[in-house]
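# Reading the structure
Okay, here's what each chain looks like letter by letter:
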Amino acid sequence: MLSFDGLGIGGGIAIGRARVLESSRVDVPRYRVHGEGLATEQARLEKALAQVRNEFAQLLAHLPVDAPAEAGALLEVHRMILDDPALARAAHDGIAAQAWNAEWAVWHCASQLADQFAELDEDYFRERGRDVLQVADRVMRALSGSRSSKPPEAAEPVIYCAEDIAPADMLGLRHAAGFAIDLGGVTSHTAILARSMNVPAVLALGAARDQIRDDDWLILDGDAGRLIVSPEPSVLQQYRARQAQDRQQTELLRELVRVASRTLDDCEVELMANLEHPDEVDQANEVGAAGVGLFRTEFLFMNRGLEPSEDEQFEAYRSVVVGMEGRPVTIRTIDVGADKVIEPHASVNAPNPALGLRAIRYSLARPERFLVQLRAILRASHYGPVRLLLPMLAHGHEIDASLSLIEQACDQLRHRGQPFDSQLPVGGMIEVPAAALCADYFARRLDFLSIGTNDLTQYTLAIDRADHEVASLYEPFHPAVLRLIAHTLRAARRADKPVAVCGEMAGDCEATRVLLGLGLTQFSMQAASLLRVKREIIRADRRRLLPVARRLLRAQTPQEVDEVRSALRGL
Ligand code: PEP
Ligand code: MG
């Protein structure tokens with residue numbers, strides 16, 4: 001029995017037989033061609049590129065109905081990479097100038113590009129280098145004549161073990177019980193797709209694959225990030241029991257969809273969903289979300305050349321509003337910058353992107369483009385209740401400037417004769433300590449507040465949320481963060497304005513009693529967490545939580561916070 005630790009992407013426990021996928025990058029053939037051979041290599045390359053182009057077009061045109069929402073966008077990225085001159089033309093040039101065979105020309109150019117990405121300072125770009133290698137892999141498979149790596153279906157659950165799996169290949173493996181992958185980080189497309197397919201996956205396993213043979217029994221714990229090869233019978237039995245328990249829990253949780261979200265002392269708690277893509281509306285509806293508390297609109301702007309037009313944005317926002325059937329939808333204006341990049345060079349050159357031209361600062365620096373988004377959101381408000389949310393506010397003048405642009409967008413729509421909700425509520429994210437400390441001012445000026453605990457933790461503790469090296473210091477339960485949350489909740493209550501938490505903390509069951517105890521009654525989270533949080537809510541009694549939670553605000557250290565949390569758990 002062997003055990004490896006990697007990066008768990010979630011999805012629970014998988015138990016199945018190993019199927020090891022070989023990479024076509026091993027032993028890339030390398031030789032020189034001369035004379036007429038050069039034209040033959042160029043023609044082989046062109047044919048392979050055309051074949052892969054066609055494969056992508058087919059995949060996009062016939063996306064399986066059960067494919068996750070992000071699949072189309074991820075395939076588009078790979079299609080763009082395939083057509084990028086930095087790969088296709090450079091490979092042709094390699095054949096002409098260096099007399100390389102087509103396989104080597106493709107591999108050489110792709111590796112060079114990936115190396116350039118690897119030198120950049122951010123995980124996001126390193127992951128894009130992997131995308132280039134995945135596309136090159138597919139071209140090389142076309143050159144060698146094999147169409148795809150889709151293995152035959154098996155009778156027993158199969159866990160795929162690979163150096164890396166491109167999104168296009170992953171789509172063909174939707175029957176997989178799990179994925180064990182050598183490479184990868186949390187922001188990789190492989191991770192995103194595995195997460196939305198809800199299949200257990202562990203990434204960054206190093207060379208684990210070398211120790212695995214086809215048909216070995218494997219246990220994959222996607223939550224703990226562990227892979228066990230050829231487990232002993234007692235271990236297998238233990239994991240089978242846990243797997244059965246997980247399934248039972250999931251069934252029981254489904255029953256909660258129809259149960260009202262109220263604490264034992266009859267306090268109504270609103271549970272809303274965070275969306276990153278319009279297709280996620282179905283998941284929000286399946287778990288009975290009371291609305292959308294945070295619709296991140298960045299997806300529309302990332303991984304593409306031109307910015308989306310007003311109509312394209314409007315259609316995306318409207319589809320969510322219509323899909324939520326009368327329940328409120330909170331649309332946040334774009335929050336790009338830092339790790340969410342749409343202009344790579346601008347961001348890379350910024351001395352400190354997390355403190356740079358991010359979120360509302362980015363939008364206000366480009367008022368014409370901001371107006372396009374504001375008009376699109378306003379137009380969507382004609383189809384159901386919409387609330388507009390401004391990200392990363394720190395200054396009062398950012399509210400002034402935003403409200404004046406919103407007014408301008410309203411005038412433009414009136415002039416065009418296009419309908420919108422003239423009472424559209426405008427709220428602000430509290431995710432910078434300055435905004436939390438001055439929350440009374442923000443509460444007075446805005447219609448509602450939403451606390452972004454992800455950034456609030458990052459900026460309070462000066463910990464880059466995307467930097468693995470300081471990940472252990474990222475502590476949302478730090479007394480300083482809890483005091484800022486409590487202060488914001490109090491300020492909103494005094495101003496009689498609604499306030500929600502929409503950062504990851506809202507979906508963390510370990511935080512539910514703490515947040516309830518601090519007085520929170522609106523939570524917004526990934527739809528997948530909603531029923532678990534609801535289970536916590538219906539078992540909690542706020543009358544007992546509130547006095548104990550007050551002690552949190554006197555805590556000086558995370559250890560003291562832990563003591564109060566244990567006390568809250570026992571209530
Ligand atoms: C947050 O910062 O908590 C938040 C919800 O915003 P994002 O994660 O999109 O930065
Ligand atoms: Mg944020």
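What comes next is a walk through the structure. Computed from a predicted structure; not experimentally measured.

### Points about the packing of helix α19 (residues 509–517) against helix α20 (residues 527–539)
When two helices pack together, you describe them by how their axes are tilted relative to each other and by the distance separating the axes. One can describe the packing of α19 onto α20 by two numbers: an axis separation of 9 Å at closest approach and a directional angle of 40°. As summarised for this structure, α19 and α20 are arranged oblique, according to the angle between their axes. Crossing handedness for the pair α19 and α20: right-handed. Contacts from Cys509, Thr512, Arg513 and Leu516 in α19 reach Arg532, Val533, Glu536, Ile537 and Arg539 in α20. Per-class residue counts for the contact of α19 with α20 are four nonpolar, one polar and four charged.

### Thoughts on the coordination of the magnesium ion (ligand 2)
Within the first shell, the magnesium ion (ligand 2) binds the protein through Glu431 (OE) and Asp455 (OD), at distances of 2.0 to 2.1 Å. Taken together, the positions of Glu431 in the loop between β13 (426–430) and α15 (433–437) and Asp455 in helix α17 (residues 453–461) put the pair 24 residues apart, joining distant regions of the chain. For Glu431, a relative accessible area of 2% corresponds to the buried category.

### Quick word on the pattern of salt bridges
Pairing between side chains becomes possible if they bear opposite charge and their charged atoms approach one another. In the structure shown here, the tally under the stated rule is 37 salt bridges. Between Arg79 and Glu76 there is a salt bridge; the shortest N-O distance is 3.1 Å. Residue Arg79 and its partner Glu76 are located together in helix α2 (residues 71–83), separated by three residues, close to a single helical turn. A salt bridge links Asp411 to Arg414, with the nearest nitrogen and oxygen atoms 2.8 Å apart. Of this pair, Asp411 and Arg414 are both found in helix α14 (residues 396–416), three residues apart, which corresponds to roughly one turn of the helix. Beyond isolated ion pairs, a larger network of salt bridges with shared partners links Glu55, Asp137, Arg138, Arg141 and Asp169.

What counts as what
Residues numbered from 1 in each chain as written. Chains lettered and ligands numbered in written order. Predicted model: local features only at pLDDT ≥ 70, side-chain atom pairs only at ≥ 80, totals over all residues. Heavy atoms only, no water. Axes fitted to C-alpha atoms, helices over the stretch in contact; angles between N-to-C directions. Helix = DSSP H or I, 4+ residues; strand = E, 2+ residues; numbered from the N terminus. Parallel < 35°, antiparallel > 145°, perpendicular 65-115°, else oblique. Left-handed = near helix turned anticlockwise from the far one by under 90°. Contact = heavy atoms within 4.5 Å. Nonpolar A, V, L, I, M, F, W, Y, C, P; charged D, E, K, R; others polar. Donors = N, O, S within 2.8 Å, 3.2 Å for Na, K, Ca; no water. Buried < 20%, exposed > 50% of the residue type's maximum accessible area, 1.4 Å probe, protein only. Salt bridge = Lys/Arg side-chain N within 4 Å of Asp/Glu carboxyl O.

Remember, this is a structural readout, not a statement about activity or role.
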